[in-house]
Amino acid sequence: MIYRSTRNANETASASEAILKGLAENGGLFVPDEIPALNISLDEVAKMSYQEVAYEVMKLMFTDFTEEELKYCINSAYDEKFDTKLIAPVVKHHNANYIELFHGKTIAFKDMALSILPYLLTTSAKKNNIKNDIVILTATSGDTGKAALAGFADVPGTKIAVFYPKNGVSPIQEKQMVTEKGKNTFVAGITSNFDDAQTGVKKMFQDKALEEYLDSKGFQFSSANSINIGRLVPQMVYYVYSYTRLVADGTIKAGDKVNIVVPTGNFGNILAAYYASIMCLPVNKFICASNDNKVLYDFFTTGTYDKNRDFILTTSPSMDILISSNLERLIYHIAGNDAAKNAELMKSLNTTGKYEITADMKERLTSFYGGYATEAEVAEQIKKVYNEDGYIMDTHTAVASKVYDKYREETNDDTVTIIASTASPYKFTRSVLTAIDPEYDSKGDFELVDELAKLSGVKVPNAVEEIRNADIIHNTVCDKEDMEKVVKKFLGVE
Ligand SMILES: *Cc1c(COP(=O)(O)O)cnc(C)c1O
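Quick notes on the rules
- Residue positions are given per chain, counted from 1 along the sequence in the order it is written.
- With the structure being a predicted model, the display of local features is reserved for residues of pLDDT at least 70 and the display and counting of side-chain atom pairs for 80 or more, all residues being used for whole-chain, interface and lining totals.
- Hydrogen atoms and water are omitted, and side-chain values are computed over all heavy atoms in the structure.
- UniProt positions are given in the numbering used here, feature names are shortened, and annotations may be inferred rather than shown by experiment.
- Salt bridge, as applied in this entry: a Lys or Arg side-chain nitrogen positioned within 4 Å of an Asp or Glu carboxyl oxygen.
- Secondary structure counts use DSSP, requiring at least four H or I residues in a row for a helix and at least two E residues in a row for a strand, with both numbered from the N terminus.
- Exposure is judged per residue with a 1.4 Å probe applied to protein chains only, and the accessible area is read against the type maximum: over 50% gives exposed, under 20% gives buried, and values in between give partly exposed.
- A pair of strands is considered paired only if DSSP assigns at least 2 bridges between the two.
- Note on handedness: a clockwise path from strand one over the helix to strand two, with the strands aimed away from the viewer, defines a right-handed crossover.
- Summary of the distance rule: residues count as near a molecule or strand when at least one heavy atom falls within 4 Å of that molecule or strand.
- Polar contacts here mean pairs of N or O atoms no more than 3.5 Å apart (in protein, one a potential hydrogen donor and the other a potential acceptor; neighbouring residues in sequence count only if both atoms are side-chain atoms).
- Using the Shrake-Rupley algorithm and a 1.4 Å probe, accessible areas are obtained, with residue cover drawn only from the displayed protein chains.
- Between 30 and 60 degrees the pair is tilted, below 30 it is stacked and above 60 it is edge-to-face, where a pair is any two Phe, Tyr or Trp rings, Trp via its six-membered ring, whose centres lie within 6.5 Å.
- In our convention, an over-ring charge means Lys NZ or Arg CZ found within 6 Å of a ring centre and within 35 degrees of that ring's normal.
- Where helices are involved, their axes are fitted lines through C-alpha atoms of the stretch in contact, as for all axes, and angles between N-to-C directions lie from 0 to 180°.
- An angle below 35 degrees is treated as roughly parallel, one above 145 as roughly antiparallel, one from 65 to 115 as roughly perpendicular, and anything else as oblique.
- Crossing handedness is defined as follows: a turn of the near helix away from the far one that is anticlockwise and smaller than a right angle gives a left-handed crossing, while the clockwise case is right-handed.
- For this analysis, residues touch if any pair of their heavy atoms sits within 4.5 Å.
- By nonpolar core is meant a set of buried Ala, Val, Leu, Ile, Met, Phe, Trp, Tyr and Cys residues that side-chain atoms within 4.5 Å join together.

- Per an unreviewed UniProt entry, the chain is named Threonine synthase, and its organism is Eubacterium ruminantium.
- The Sequence similarities (unreviewed entry) comment attached to the chain in UniProt states, word for word, "Belongs to the threonine synthase family."
- Heading Cofactor (unreviewed entry) of the UniProt record for the chain holds this comment: "pyridoxal 5'-phosphate".

Rendered as structure tokens:
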């Protein structure tokens, strides 16, 4: 399998090279030339464990890994770190099937990919005779940060630096990151928003002089952001897994179409669903759910992507994004895998903050539906579903749940639907509980944790217990202009 840059048809990489590089030259993203069809039936997959499904999917996408290497990566990632043997259970509530992607170490869906990425990356380094230490550079809107830190903490041959918007993540998210104990970790808050953090990280990746300098010191950058193909591919797995669980429990027959609803920020999770559909899943609609930062909703309804608007801080911070990096991959595909056309649109995004796709391209988007939920709607939805059957969902999942309700009302489409449940409510306790009853707002963060346990009957996850009394280890705060400086300081190469 060849991976190719979305911005330059001549730049290619093997899977392991693409995983190591993270990003292609000039800001391009690596995409597979074609996605092969699954070579076993969905009925067979329905009998497999999560790890077995992972192997069947990943072996088709990471073709330069041996069976032994891939199974080592999969089995190291999806083990007792998860609090259920199912890894990603599918539960039925409110007319839909929620696949809970938050049973890993940091109780958010980012764990699904970031548990395996360190193994994919260190295996890729070995395969490519890399001697440098790999430095993971990550911008996070909240959840990626801790999931990446947890994945890479104390992994030999790696270091990791994480930047987050100082005032743009939840208190629990921040505490999770700044208490990280891994000796090879660095965390800094930046004084502006996520997009600035992401832009700063991208700038460092593209800086040739910096690359040479670090190489001379025995370091090289790689990315744990959702632009890395080593994150995207593991995310395809749970869509295949969730679909086949519905086959196994008789909800659908293999071959039936389903809708997939994804609460979307950087467009990685929903793109993985799209890739999974090309590989094997019959999908009716991909429902892309946004919060008040509804740049994607506007894109799917008008064909124009326009990030020139106010950035809104919401109760679903991991979706507070105006530049959805992974959308570029979809743009490239609907342009007919045309790197030149894609590069032209991305240049326009860079210079004017917007671009418009052609009528032909728009026609290829008919399986996508964009929707959004306002802050008031998100809160109402959490309360409504809780009142129905006691299920408490987090704010991001509630965005998806509400958008799905609106979709059904609008279309009367009653196709069986899978909703990606992307975080545990324990990660956003205050927003979740005050949605149910505003009185909760007077309580402290950890009091709320105990209240949520009472109300939901779900045990407090380890990820929350362990930060209750943890010491703050990382207290760097910097301006976006100083990101390179603090990274060099962390590496001891000022
Ligand atoms: C990252 C994240 C999202 C958005 O996922 P993308 O792949 O960036 O679209 C949604 N919900 C939660 C809880 C997340 O952490």
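That shown, we press on.
As for the pattern of salt bridges
- Counted according to the given criterion, the structure contains 23 salt bridges.
- Salt-bridge contacts for Asp-445 lead to Arg-430; the nearest nitrogen and oxygen are separated by 3.1 Å. Highlighted residues: Asp-445 in helix H20 (residues 445–456) and Arg-430 in helix H19 (residues 429–436), separated in sequence by 15 residues.
- According to the relative accessible area criterion, Arg-430 is partly exposed, its value standing at 27%.

Here we look at unusual backbone geometry
- Even without a glycine there, the phi angle at Asn-26 is positive, about 55 degrees.
- With respect to the helices and strands, the residue Asn-26 is situated in the loop between helix H1 (15–21) and strand E3 (30–32).
- The backbone phi angle of Phe-267 is positive, close to 75 degrees, even though this residue is not glycine.
- With respect to the helices, strands and loops of the structure, Phe-267 is situated in the loop between strand E10 (258–263) and helix H12 (268–279).

Considering the UniProt feature "domain: Tryptophan synthase beta chain-like PALP" (unreviewed entry) in the chain
- According to UniProt, the "domain: Tryptophan synthase beta chain-like PALP" (unreviewed entry) feature falls on residues 103–420.
- Strand forms 17% of residues 103–420 and helix 49%; the C-alpha atoms that close the span are 13 Å apart.

Structural notes on the pairing of E10
- Along E10, 6 of the 6 residues are buried, which leaves the element largely enclosed by surrounding structure.
- Burial along E10 is two-sided: Val-258, Ile-260 and Val-262 and Asn-259, Val-261 and Pro-263, pointing in opposite directions, are all buried.
- Two elements, E10 and strand E11 (residues 283–290), share 5 bridges in a ladder whose sense is parallel. By the bridge assignment, Val-262 is partnered in E11 with Cys-288.
- Handedness of the crossover joining E10 and E11 through H12 is recorded here as right-handed.
- In terms of strand pairing, E10 meets strand E15 (residues 417–421) through 3 bridges, oriented parallel. Pairing of Ile-260 across the sheet is with Ile-418, part of E15.

Overview of helix H6 (residues 117–127)
- Those residues of H6 that fall on the buried side of the exposure criterion are Leu-117, Pro-118, Leu-120, Leu-121, Thr-123, Ser-124 and Ala-125.
- Looking one or two residues beyond H6, the residue adopting positive phi is Asn-129, at roughly 55 degrees.

Some thoughts on the site of the ligand
- Taken together, 15 residues are adjacent to the ligand, and Lys-110, Asp-143, Gly-265, Asn-266 and Thr-422 come closest.
- Residue Gly-265 places a main-chain N or O atom 2.8 Å away from an oxygen atom belonging to the ligand.
- Contacts to the ligand include Thr-422, whose side-chain N or O atom sits 2.8 Å from a nitrogen atom.
- Protein burial of the ligand: of its 380 Å² of free accessible surface, 98% is covered by the chains.

Observations regarding the packing of aromatic side chains
- Per the counting criterion, the structure on display carries 24 aromatic pairs.
- Between Phe-299 and Tyr-355 the ring centres are 6.4 Å apart and the planes differ by 65 degrees, which places this aromatic pair in the edge-to-face class. A residue pair is termed long-range when its members are at least 10 positions apart, and Phe-299 in helix H13 (residues 295–302) and Tyr-355 in strand E13 (residues 354–356) qualify at 56 residues. Taken individually, Phe-299 and Tyr-355 each receive the classification buried, so the pair is uniform in this respect.
- Put simply, the rings of Phe-267, Tyr-274, Tyr-275, Phe-286, Phe-299, Phe-300, Tyr-305, Tyr-355 and Phe-368 touch in pairs and so form one group of aromatic residues.
- Against the face of Tyr-372 rests Lys-294, its NZ or CZ located 5.2 Å from the ring centre.

Things to note about the packing of helix H17 (residues 375–389) against H19
- It is at 8 Å that the axes of H17 and H19 come closest, and there the two elements cross at 70 degrees. Comparing the axis directions of H17 and H19 gives the class roughly perpendicular. The chirality of how H17 crosses H19 is right-handed. Along the contact surface, H17 presents Ala-379, Ile-382, Lys-383 and Tyr-386, while H19 presents Val-432, Ala-435 and Ile-436.

Looking at the nonpolar core
- Counting residues in each nonpolar core, the largest one holds 110 residues, and the members touching the most others are Met-58, Phe-62, Tyr-239, Phe-267, Leu-330, Ile-331 and Tyr-355.
- In terms of residues, this core owes the most to one element, helix H11 (residues 229–248), which gives 12 residues.
- Residues Tyr-98, Met-319, Tyr-369 and Tyr-407 belong to the second largest nonpolar core, which totals 41 residues.

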